[in-house]
Structure formats: C-alpha cells, structure tokens
Amino acid sequence: MNDHGTLLTIGDLARRTGLPVKTIRYYADIGLVPPTDRSPAGYRLYDTVAMARLDLVRTLRELDLDLATVRRVLDRDLTLAQMAAAHAAALDAQIRLLRTRRSVLRAVAAAGIDDHEELDLMNRLAKLSAAERQQIIDDYWDETFAGLHTDPAFADRMRSVRIDLPDDPTPEQVAAWVELAELVQDPGYRARVRQMAEAGARAGSSEAGPSTAELGLYERVAQLVQPLRSAGVEPDSADGRFVVDQLAPSFAAAGGTDDGAGFRRELGERIALFSDTRVERYWELVSDINGWPTGQVRSGGVATMEWFAAALLASAGAGAAG
C-alpha cells in the first residue's frame, strides 16, 4: 500500500523498486511475485507484502541466483542461511576457476604460445579439479609399481606426495602442472620409470639403496665431474678416463669386488639405468607446483651421473679392446 493505504499499480511498483515493468510482469506470470489484486479494469495491483517479496527477488537475482533457487527461498523450501552458504560455495568455485583461467592466459602470454592445440591442452589440464589432477599422478604410480615386489615403504613414499595446485596459482605453477601432466602421461617416460622399478624390485630390498660408503663416493663423483661437465668435457675423453680410474676402484671395494672392465661396465649400466633427467624434472615440477622451499629438490645431479656412467662404459670398452 502507499501512504494512503491504497494498492500500488505495476507502474508504481516499478518506480519504487527500480525494476522494469516488463520484469515485474514476468515474475507475476510465472507465479514468483503474483499480484495482490486486480483493478476493475483488470490491472495488476500490489500491496506492501508483495513489494517486500519483489525486493527480495531483486536482491537474490542481483546475487546471481537462478529463478528455481529464488522460488525455493520464497516458498521456504530453502532458508536464507542455507541459500547463502550454497551460493557462497558456488562463487568460491567460480572464483577459483577465474583465477586459474587468468593464470593460464598469463602463462600463454609469457611463453609466447601461438598454437591453438597447446592452448586448449593447457586450459583443459588447468581446469581439472584437485581430485582429477591427483588421479593422473596416482595412475602413473599405479602403473609403475603394478605387480612388483617393491619395498612397500619406498612405494608409499612415492605415492604420498600430493599435487597441491593452489586456488590462485601463478602462471609458473600452471605451466609446471601442464608440463607434469604431459610428462607422466607420456608412454616413453612411463616405460622408463617402470624399467627402473623392475630393476629395483629384482635387486631386492636389501640392495634397494646405496651404502653409506657408496653415498660418499657419489658425492665424490659430483665434485670431480661437475666442473668437467660444465666445461664441456666429453665422458670418453682422457679426463673422463682419469675420473673413472680415480673412483672405480673405490666403488669396487665398497661392493666387495675387484675393479676391471666387467665391473666398470656393470656399474656404468646400473648408474645409467637409474639416471634419467626426466625423473629429476618430475620432482622439480612437483616442487614448483606445491611451492616447496627453494633447494628442497636438488637439480643437476642426474646429468652428472649420466656423464659418469658414460665415462665408465667408455673406460670398460677401452679396457676390453685393450
């Protein structure tokens, strides 16, 4: 009613609420805000209760609620508190999606990507839910260890690492996740990691890890090899042979055997089997996605071991030929 207690026409209601007459008429037609009465000429008339109902509808629609949800609130099938909680959760999901899309676009711009398929792949992978992202990683480890008598503690450690892309990822984190997803779904990479797992299972848990003495020797490998590798020295060079001659006898002693061409070939093949820069890259990407502290994942060690393995095999070949 207006100040004189009379009913409002649809035009009056439109002026008071700021809604178009067409919208009010539509709400009346679908039964959302029916008129209180009609004039003798058939015009819709509304009282203050109807106006309050229309105000609530306007507010809920401004919050982007669909008409079905608005009707449930008006009919008391859904309380305002329940509606607010549900809608806030929906908005949270939309905000997360928008943030991810923004990061995808920034990653595309930063990388200078001009390929439609690559853009589509990035967008699809970035929009996956946390559970869907983790499932990709879980499938990778399932295939790696399936049917093998692997040390359970080792397998559990690998599986326990979760992929935790934040709700508001940086472009770098989005790019890291896309690269990681492509890596673990690459058949060649999966076959290589499976080969490592099979070799580890054959060795048995008693030989699954290097001894303390061997760990010290690997540190020594890094000290001798990294400067040579950085300088571009080839593994089959005289410097490479010198490094092998320095270290191979100590590796043999640590394993309780004698040095020789056969031992050097076996050691080189074993190191080569468990050295793959893609595995190292896997952990670098996981670190980038999860925001681990800088330095928690060490990089460059695999390339050093690959160089040493190549030097061992070159030395074994030279020894056999000699």
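Scroll up to find the structure.
For every chain, the first residue of the written sequence is number 1, and numbering continues from 1 onward in sequence order. The model is predicted, so local features are restricted to residues of pLDDT at least 70 and side-chain atom pairs to those at 80 or more, both for listing and for counting; the totals for chains, interfaces and linings are taken over all residues. As a rule here, side-chain values cover all heavy atoms of the structure and leave hydrogens and water aside.

Examining the environment of A89
Where we set the bar: Runs of H or I in DSSP of at least four residues are treated as helices and runs of E of at least two as strands, each being numbered from the N terminus. Categorising residues by exposure relies on relative accessible area from a 1.4 Å probe, with only protein chains included: less than 20% of the type maximum marks a residue as buried, more than 50% marks it as exposed, and the intermediate range marks it as partly exposed.
Relative to the helices and strands, A89 resides in helix α5 (residues 80-111). For A89, a relative accessible area of 43% corresponds to the partly exposed category. Sequence separation between A89 and R202 is 113 residues; the distance between their C-alpha atoms is 50 Å.

Quick look at a negative patch on the surface
Where we set the bar: Patch definition: residues with relative accessible area over 30% and no salt bridge; like charges joined within 9 Å; nonpolar side chains (Val, Leu, Ile, Met, Phe, Trp, Tyr) joined within 5 Å. For the area figures, the Shrake-Rupley method with a 1.4 Å probe applies, and any residue is considered shielded solely by the protein chains shown. For this document, the term salt bridge refers to a Lys or Arg side-chain nitrogen within 4 Å of an Asp or Glu carboxyl oxygen. All tallies of charge rest on Lys and Arg as positive and Asp and Glu as negative; His and the ends of each chain are not included. Lys charges are placed at NZ, Arg charges at CZ, Asp charges at CG and Glu charges at CD.
On the surface, D114, D115, E117, E118 and E182 cluster together to form a negatively charged patch. Secondary-structure assignment places E182 in helix α9 (residues 171-184).

Observations regarding the environment of R194
Note the following rule: The contact definition used throughout considers only heavy atoms, calling two residues in contact when any of these lie within 4.5 Å. In protein, a polar contact requires one atom able to donate a hydrogen and another able to accept it; more generally it is a pair of N or O atoms within 3.5 Å, and residues adjacent in sequence count only if both atoms are side-chain atoms.
Within the secondary structure, R194 sits in helix α10 (residues 187-203). Leave out the neighbours within four places in its chain, and R194 touches E143, T144, F145, A146 and L148. In this structure the side chain of R194 is engaged in a polar contact, spanning 3.0 Å, whose partner is the backbone oxygen of T144.

Considerations on α5
The line we're drawing: The span one expects for a helix is its residue count, reduced by one, times 1.5 Å.
With 32 residues, α5 should cover 46 Å at 1.5 Å per step; its first-to-last C-alpha distance of 46 Å lies within 8% of that length. The set of residues buried in α5 consists of M83, H87, T100, S103, V104, A107 and V108. On its buried face, α5 sits against α3 (48-62), α4 (67-74), α6 (116-126) and α9. Of the residues trailing α5, G112 is marked for its positive phi of about 65°.

Points about the sheet that holds strand β2 (residues 37-38)
Heads up, the rule is: The rule for pairing is simple: two strands pair if DSSP sees at least two bridges between them.
The strand order across the open sheet built from 3 strands is β1-β3-β2, with neighbouring strands paired in antiparallel fashion. Only two strands of the sheet have a single neighbouring strand rather than two, namely β1 (8-9) and β2. Note: β1 against strand β3 (residues 44-46), 2 bridges, orientation antiparallel. Looking across to β3, one finds that L8 is bridged to Y46.

Describing the packing of aromatic side chains
To keep things clear, this is the line we draw: Side-chain rings of Phe, Tyr and Trp, where Trp is taken by its six-membered ring, are said to pair if the distance between their centres is within 6.5 Å; with planes under 30 degrees apart they count as stacked, over 60 as edge-to-face, and otherwise as tilted.
Tallied over the full model, the rule gives 10 aromatic pairs. Pairing W141 with Y282 gives two aromatic rings, centres 5.8 Å apart and planes at 80°, and the pair type is edge-to-face. One end of the pair, W141, is in helix α7 (residues 130-145); the other, Y282, is in helix α14 (residues 277-290), and 141 residues separate them in sequence. This pair shows no difference in class: W141 is buried, exactly as Y282 is. Judged by centre distance (5.9 Å) and plane angle (35°), the rings of F251 and F308 are tilted. Of this pair, F251 sits in helix α12 (residues 238-254) while F308 sits in helix α15 (residues 301-321), placing them 57 residues apart in sequence. Residue F251 shares its accessibility class with F308, and that shared class is buried. Grouped by ring-pair contacts, the aromatic residues Y140, W141, F145, F154, Y189, Y282 and W283 constitute a single cluster.

Points about the pattern of salt bridges
Counted by the stated rule, this structure contains 15 salt bridges. The closest approach of N and O atoms between D168 and R102, which form a salt bridge, is 2.8 Å. Within this pair, whereas D168 is found in the loop between α8 (152-160) and α9, its partner R102 is found in helix α5, the two being separated by 66 residues in sequence. As a salt-bridge pair, D276 and R192 come within 3.2 Å of each other at their nearest N and O atoms. Here R192 lies in helix α10 and D276 lies in the loop between α13 (261-273) and α14, a separation of 84 residues in the sequence. On the accessibility criterion, D276 (7% relative accessible area) is buried. Using a relative accessible area of 16% as the deciding quantity, one classes R192 as buried. Here the salt bridges share partners, and the residues they tie into one network are R241, D245, D259 and R264.

Regarding the packing of α5 against α6
Short version of the rule: Here the axes come from fitting lines to C-alpha atoms, over the contacting stretch only for helices, and the angles between their N-to-C directions go from 0 to 180 degrees. Roughly parallel means an angle under 35 degrees; roughly antiparallel, over 145; roughly perpendicular, 65 to 115; everything else is oblique. Should the near helix be turned counterclockwise from the far one by less than a right angle, the crossing is left-handed, whereas a clockwise turn marks it as right-handed.
Running from N to C, α5 and α6 point in directions that differ by 150°, and their axes come no closer than 10 Å. Between α5 and α6, the crossing angle belongs to the class labelled roughly antiparallel. α6 is crossed by α5, and the crossing has right-handed handedness. Where α5 abuts α6, its residues T100, R101, V104, A107 and V108 lie against L119, M122, N123 and A126.

Comments concerning the packing of α6 against α9
Our working rule: Residues are grouped as follows: Ala, Val, Leu, Ile, Met, Phe, Trp, Tyr, Cys and Pro are nonpolar; Asp, Glu, Lys and Arg are charged; every other residue, Gly included, is polar.
Remark: α6 packs on α9, axes separated minimally by 10 Å, with the N-to-C direction vectors making an angle of 95°. Classified by the angle between their axes, α6 and α9 sit roughly perpendicular to one another. The residues of α9 that touch α6, namely those facing L121, M122, L125 and A126, are V174, W177, V178, A181 and E182. Tallied by class, residues from the contact of α6 with α9 come to 8 nonpolar, no polar and 1 charged.

Examining the nonpolar core
Cut-off, in case you're wondering: Each nonpolar core is a collection of buried residues, namely Ala, Val, Leu, Ile, Met, Phe, Trp, Tyr and Cys, held together in the definition by side-chain atoms within 4.5 Å.
Among the nonpolar cores identified, the biggest contains 33 residues, and M122, I137, W141, W177, L180 and Y282 are the most heavily contacted of them. Taken together, the elements giving at least two residues each to this core come down to α5, α6, α7, α8, α9, α10 and α14. With 22 residues, the next largest nonpolar core counts L19, A50, L60 and M83 among its residues.

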